[in-house]
Amino acid sequence: MDKSTDSEDLARQQSASPGVVEDADHLRRRLSNRQIQLIAIGGSIGTALFVSIGNALYQTGPAGLLLSFILVCTMVGLVNNCMAEMVTFFPVAGGFIRLAGHFVDDAFGFMAGWNFFLYEALLIPFEISALSIVVGFWSEDVPIWSMCLMCIVLYALLNVLVVEIYGESEFWLSGGKVILIMALFLFTFITMVGGNPKHDAYGFRYWNDPGPFADNRSPGALGRWEGFLAATWTVNFCVVGPEYISLVAAEAKHPRIYIKSAYKTVYLRFGIFFLGSALAVGIILPSNDPTLESILRGGSSGGGTASASPYVIAMHNLGVSFFPHVVNFLLTTSIFSAGNTYAYCATRSLYSLALDGRAPRIFTRCTKSGIPIYCFLVVICFSFLSFLQQSAITANFLSVLLNMVTGGLFINWVVMSITYICFYRAVKAQGYDRKSLPYCGWFQPYCGWIAAVFFICVVGSYGYTTFNPFDAEAFFGCYAMTILSIILYIFWKLFKGTKFIKPEEVDLVWERPSVDAYENTITEAPTTFWQEMGHLVAIRMENKKEDRERGIGR
């Protein structure tokens with residue numbers, strides 16, 4: 001960024017109205033603390049936590065499921081620790097995508113950005129298709145095309161106006177996810193102590209019969225190990241979050257305060273929502289449940305609806321009739337929220353690529369409201385792939401596309417870990433005191449190294465079952481994004497002649513002056529999550545001293 005551009009950005013910031021300030025990349029900082037916190041929760045709680053978790057239970061058993069979640073949450077927690085330190089220091093548009101290119105290598109950022117963009121954009125039509133299938137839980141007479149069209153229109157309205165609307169919609173949709181998961185925890189506790197139509201206090205029965213671990217592919221110890229590995233791969237798609245927080249950093253009202261708070265609460269969310277879910281599912285349903293096995297093997301309908309949820313299967317087993325409809329309703333909102341988040345993240349990732357010249361410059365254009373409009377138009381085109389669900393033949397093509405991009409998630413974790421290692425080396429080489437940063441990660445740089453090695457091993461091995469016997473289609477589905485990422489990296493490396501950035505040459509000033517200028521000019525004081533929740537319900541949360549001075553009682 002040259003000096004003239006930087007001075008124009010600072011002038012624009014100083015002239016903007018309080019609380020609605022444009023940052024150096026033309027986005028608008030409108031997201032409040034409560035919106036960011038719920039976006040972070042919504043990004044970490046997806047449909048997989050309510051449905052796909054049953055597949056992991058079937059593969060490994062209740063103890064293996066809990067251990068898989070502990071392992072994956074620990075590894076993603078290490079990545080979160082890395083991201084918190086970098087993003088609070090540089091809350092820039094594009095989050096970890098631009099950080100990868102800035103601290104490691106331009107070709108590395110090019111690969112990371114396009115991998116993440118394709119991953120997010122191709123998940124949008126899948127979520128729309130999943131939504132149309134979930135609605136079939138109540139009635140199969142609703143045309144698939146009508147649900148697809150409705151979702152596309154709503155995503156357009158929520159993402160093309162102002163970021164506040166997206167933030168507010170995700171606040172309420174993510175709130176629905178929290179209500180659902182807490183209700184399921186309550187259901188688990190009440191029924192396990194006998195509060196069910198059968199008055200069966202089953203407790204931890206299924207940890208004894210059929211047992212804490214299940215065999216997968218092979219009998220004995222090898223089968224239990226393979227079951228644990230299979231469940232770990234499945235659980236990896238349930239546990240997400242740090243990448244989404246990084247992408248909203250450039251649109252937060254108080255970026256270094258609100259983003260730091262969001263990252264610090266990730267660990268609490270992992271402990272409550274993910275480990276709690278693993279424990280609850282292992283309590284309410286045996287790993288060899290015939291209904292679950294039939295759905296997973298394709299012998300029963302309902303694989304894409306709430307019927308496949310281990311919670312709903314347990315409800316039917318216990319004779320609970322009404323609650324499955326509540327679960328399906330909240331599952332519908334959860335799927336819609338996921339698609340909405342993917343549309344937002346795909347738009348911002350394409351925008352960040354264009355900012356650094358890794359995508360056509362036209363994608364940097366924003367509306368007066370700070371929306372990257374041309375990026376959004378490209379992203380919304382991906383959603384029309386959901387109409388392929390109309391036909392069995394084309395629906396299979398959509399499934400192939402989804403299988404191709406699933407490996408992109410693991411690559412994201414590798415990118416974030418390697419980026420932090422390079423960031424850490426640069427900070428040390430240039431004599432920065434990490435304790436002076438807005439957030440100083442603990443146990444560094446070992447968190448970055450451990451996470452990098454773990455997820456590199458996952459990228460290389462999670463498709464090992466495709467080799468025995470060799471299945472070309474399954475192999476391509478597992479490793480397509482890995483192969484594509486290597487091709488993208490080599491292409492940009494040769495095309496641009498990029499080089500790895502030496503630690504002493506990394507620019508540790510970069511966009512900090514713009515962020516500092518914004519934080520110095522904003523007059524609206526930062527608020528806590530609970531203060532904003534109080535304001536939302538019209539409760540004045542002023543201190544007692546101000547009340548006495550104004551003579552106003554609460």
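So, here is what we can say about the structure in this document.

Focus on the overall build of the protein
Across its full length, the protein carries 23 helices and two strands. Counting all 554 residues of the protein, 58% fall into the buried class. Long-range pairs, those at least 24 residues apart, make up 80% of the contacts in the protein between residues at least 6 apart in sequence. When the accessible surface of the protein is summed, it comes to about 22400 Å², and 65% of that surface belongs to carbon and sulfur atoms.

Re the nonpolar core
Core analysis: the largest hydrophobic core is formed by 169 residues, its most contacted members being F69, V239 and F423. The greatest single-element share of this core, amounting to 18 residues, is contributed by helix α3 (residues 53-89).

Considerations on a nonpolar patch on the surface
Side chains of W145, L149, M150, V153, L154 and L157 sit close together on the surface and give an oily, nonpolar patch of about 520 Å² of accessible area. Note on placement: L149 falls in helix α6 (residues 144-160). Note on L149: relative accessible area 39%, which makes it partly exposed.

Quick word on the pattern of salt bridges
Applying the stated criterion across every chain yields a total of 12 salt bridges. For R98, the salt bridge is made with E511, and the minimal N-O distance between the two is 3.0 Å. With R98 in helix α4 (residues 96-103) and E511 in the loop between α20 (472-496) and α21 (512-521), the pair connects residues that are 413 residues apart, well separated along the chain. Each member of the pair, R98 together with E511, is buried. With a shortest N-O distance of 2.8 Å, D105 and K493 are connected by a salt bridge. Highlighted residues: D105 in the loop between α4 and α5 (106-135) and K493 in helix α20, separated in sequence by 388 residues. Residue D105 is classed as buried on the basis of its relative accessible area, which comes to 0%. Exposure remark for K493: the relative accessible area of 19% places this residue in the buried category. Here the residues in one salt-bridge network are R98, D106, D356, R358 and E511, joined through shared partners.

Regarding the environment of F110
Mapped onto the elements of the fold, F110 is located in helix α5. For F110, a relative accessible area of 6% puts it in the buried group. Between the C-alpha atoms of F110 and R98, which are 12 residues apart in sequence, the distance is 8.7 Å. Apart from residues no more than four positions distant in its own chain, F110 is found in contact with L353, R358, L488, F491 and W492.

Notes on the packing of α3 against helix α9 (residues 220-236)
When two helices pack together, you describe them by how their axes are tilted relative to each other and by the distance separating the axes. At their nearest, the axes of α3 and α9 sit 8 Å apart, and the two run at 65° to each other. Taken together, the axes of α3 and α9 are roughly perpendicular relative to one another. As α3 packs across α9, the resulting crossing turns out to be right-handed. Together, N55, A56, Q59, T60, G64, L65, L67, S68, F69, L71 and V72 of α3 and G227, F228, A230, A231, T232, T234, V235 and N236 of α9 make up the contact between the two elements. Counted by class, the contact of α3 with α9 contains 10 nonpolar, nine polar and no charged residues.

With respect to the side chain of H254
Its place among the elements puts H254 in the loop between α10 (242-248) and α11 (255-264). Accessibility expressed as a relative area gives 8% for H254, which makes it buried. For H254, the residues in contact, after removing those within four places along its chain, are I259, Y518, I522, E524, A525 and P526.

Quick look at α9
Helix length check: α9, at 17 residues, gives a terminal C-alpha distance of 25 Å against a target of 24 Å (1.5 Å per residue), a fit within 8%. Counting buried positions along α9 yields 12 of 17 residues, so the element is predominantly enclosed. Buried residues of α9: G223, E226, G227, F228, L229, A230, A231, T232, W233, T234, V235 and N236, and no others. Tucked inside the fold, the buried residues of α9 contact α3, α18 (408-429) and α19 (446-461).

With respect to unusual backbone geometry
Following D209, the chain continues into P210 via a peptide bond in cis, with omega recorded as 20°. Structurally, P210 can be placed in the loop between α8 (205-208) and α9. At the junction of Q444 and P445, the peptide bond is cis and its omega measures out at 5° in the coordinates. Among the structural elements, P445 can be located in the loop between α18 and α19. Notably, R217 is not glycine yet its phi reads approximately 75°, a positive angle. Checked against the element boundaries, R217 lands in the loop between α8 and α9.

Reading the values: the criteria
Residues numbered from 1 in each chain as written. Predicted model: local features only at pLDDT ≥ 70, side-chain atom pairs only at ≥ 80, totals over all residues. Heavy atoms only, no water. Helix = DSSP H or I, 4+ residues; strand = E, 2+ residues; numbered from the N terminus. Buried < 20%, exposed > 50% of the residue type's maximum accessible area, 1.4 Å probe, protein only. Contact = heavy atoms within 4.5 Å. Areas by Shrake-Rupley, 256 points an atom, 1.4 Å probe, with all protein chains shown as cover. Core = buried A, V, L, I, M, F, W, Y, C linked by side-chain atoms within 4.5 Å. Patch = residues over 30% accessible without salt bridge, like charges linked within 9 Å, V, L, I, M, F, W, Y side chains within 5 Å. Salt bridge = Lys/Arg side-chain N within 4 Å of Asp/Glu carboxyl O. Axes fitted to C-alpha atoms, helices over the stretch in contact; angles between N-to-C directions. Parallel < 35°, antiparallel > 145°, perpendicular 65-115°, else oblique. Left-handed = near helix turned anticlockwise from the far one by under 90°. Nonpolar A, V, L, I, M, F, W, Y, C, P; charged D, E, K, R; others polar. Expected span 1.5 Å × (residues − 1).

Purely spatial values, then, with no claim about function.
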